[in-house]
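Read off the chains here:
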Amino acid sequence: MSLHLPASALRALTVTALAAGAVLTAPAAGATPKDAAPTLSAAPTLAATPAFLSASQLPPHPTSSWTAGPVTDGFPDELGLCVSTEGVPGHDYRHRRFWTDLDAGAVQLTVVAGTSAQAKALAQHYDDLIRTCAERIEESSPDVEAEGRNYGTLPVEEGARVRGLHTETSWGATDVALLSVGRDGRTVTVVKWGQMGDFQDAPVAAFKKTTRTAVNKLY
């Protein structure tokens, strides 16, 4: 879910955040893709494709039901502020968006790597981008205050980690998001929930349950 910022500010934040993500992982000048990121190479096709969350498996909304969109190829824009494809060789990205009648939204991404080791490196890369997202947002825009929180790991399959992000603009817009990265063998999934509000409005326990379900449901 995109943060509730004016379009011009959101575009500036997203471009800068993506550029910062590229700095973390981009190859040295002149390096070939193989030299640049051998542990994050694209994956061969699996016989079984990862399954996605359903609308009923999202954290319950107090006044509105969730609606699930179709599973779609490509990388979702909703993750672009914190997680990007910059510095990572091409993968077959698939995602599913979710929304309510009000201000809450969510998205799930799945990526299949070539080996478990490559998937482990990719999951760590995504978690690092989420962990540093608040700092990069503040560096890119003096009008936004951002804070990240670590909500710990979950013992599901090869593991998952949950983090939170709160942003507040100088003109009063405030948004909170929960993001998680989990892995099952060669497959990595990223889940994001967000709405207007503060950390006190974030359903951390319910989101952890959603994350466990997302990782368990992959295969």
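Look up: the structure comes first, before these words.
The structure contained in this document is the topic of the report that follows. (Residues numbered from 1 in each chain as written. Predicted model: local features only at pLDDT ≥ 70, side-chain atom pairs only at ≥ 80, totals over all residues. Heavy atoms only, no water.)

Some words on the packing of aromatic side chains
Here's step 1: Going through the model one piece at a time under the given rule, you end up with one aromatic pair.
Here's step 2: Between Phe-75 and Tyr-93, the ring centres sit 5.2 Å apart and the planes meet at 85°, which makes this aromatic pair edge-to-face. Here Phe-75, found in the loop between strand 2 (72-73) and strand 3 (94-99), pairs with Tyr-93, found in the loop between strand 2 and strand 3; they are 18 residues apart in sequence, far enough to count as distant. (Phe/Tyr/Trp six-rings, centres within 6.5 Å; stacked < 30°, edge-to-face > 60°. Helix = DSSP H or I, 4+ residues; strand = E, 2+ residues; numbered from the N terminus.)

Describing the nonpolar core
Here's step 1: Ranked by internal contacts, the top residues of the largest apolar core, which has 26 residues, are Leu-79, Leu-109, Tyr-126, Ile-137, Leu-165, Val-181 and Val-188.
Here's step 2: Elements with a contribution of two residues or more to this core: strand 4 (105-112), helix 3 (116-131), helix 4 (133-140), strand 5 (144-154), strand 7 (174-184) and strand 8 (187-196).
Here's step 3: If we skip the residues at most four places from it in the chain, Leu-165 touches Cys-82, Cys-133, Ala-134, Ile-137, Ala-146, Glu-147, Gly-148, Asp-175, Val-176, Ala-177, Leu-179 and Phe-199.
Here's step 4: By size, the runner-up hydrophobic cluster in this structure holds 21 residues, among which are Leu-154, Val-176, Val-191 and Phe-207. (Core = buried A, V, L, I, M, F, W, Y, C linked by side-chain atoms within 4.5 Å. Buried < 20%, exposed > 50% of the residue type's maximum accessible area, 1.4 Å probe, protein only. Contact = heavy atoms within 4.5 Å.)

Points about helix 4
Here's step 1: Among all positions in helix 4, only Cys-133, Ala-134, Arg-136 and Ile-137 are buried. Taken around the axis of helix 4, the buried residues stretch over an arc of 165°, which confines them to a single face. (Arc of directions from axis to C-beta.)

Quick word on the layout of surface pockets
Here's step 1: Put simply, the largest pocket is a space of about 250 Å³.
Here's step 2: Forming the walls of the largest pocket are 13 residues, and the residues nearest its centre are Ala-123, Gln-124, Gly-159, Arg-161 and Val-181.
Here's step 3: Looking at the lining of the largest pocket, the elements that each hand over two or more residues are helix 3, strand 5, strand 6 (160-169) and strand 7.
Here's step 4: Residue composition of the lining of the largest pocket, grouped by class: four nonpolar, four polar and five charged. (1 Å grid on protein atoms, 1.4 Å probe; cavity = no way out; pocket = protein on both sides within 12 Å on 5 of 7 lines; lining within 4 Å. Points joined across faces, edges and corners; volume = space filled by probe spheres on them. Nonpolar A, V, L, I, M, F, W, Y, C, P; charged D, E, K, R; others polar.)

Let's talk about unusual backbone geometry
Here's step 1: With a phi angle near 50°, Glu-157 is a residue other than glycine that sits in the positive phi range.
Here's step 2: Tracing the backbone shows Glu-157 in the loop between strand 5 and strand 6.

Observations regarding the pairing of strand 3
Here's step 1: Bridge count for strand 1 (residues 67-68) against strand 3 is two bridges, and the pairing is antiparallel. Along strand 3, the bridge assignment pairs Ala-68 with Phe-98.
Here's step 2: Across two bridges, strand 2 lies against strand 3 in antiparallel orientation. When the bridges of strand 3 are listed, Thr-72 appears paired with His-95.
Here's step 3: Pairing analysis gives six bridges linking strand 3 to strand 4, with the strands arranged antiparallel. When the sheet's bridge partners are listed, Arg-94 is paired in strand 4 with Thr-110. (Pairing = 2+ DSSP bridges.)

Let's talk about the side chain of Arg-96
Here's step 1: Looking at the element boundaries, Arg-96 is found in strand 3.
Here's step 2: From its side chain, Arg-96 meets the backbone oxygen of Leu-53 in a polar contact 2.9 Å long.
Here's step 3: Within the structure, the side chain of Arg-96 is placed 2.7 Å from the backbone oxygen of Gly-69, a separation counted as a polar contact.
Here's step 4: Once residues within four sequence positions are removed from consideration, Arg-96 is found in contact with Phe-52, Leu-53, Ser-54, Ala-68, Gly-69, Pro-70, Val-71, Ala-106, Val-107 and Gln-108. (Polar contact = N/O pair within 3.5 Å; in protein donor to acceptor, adjacent residues only side chain to side chain.)

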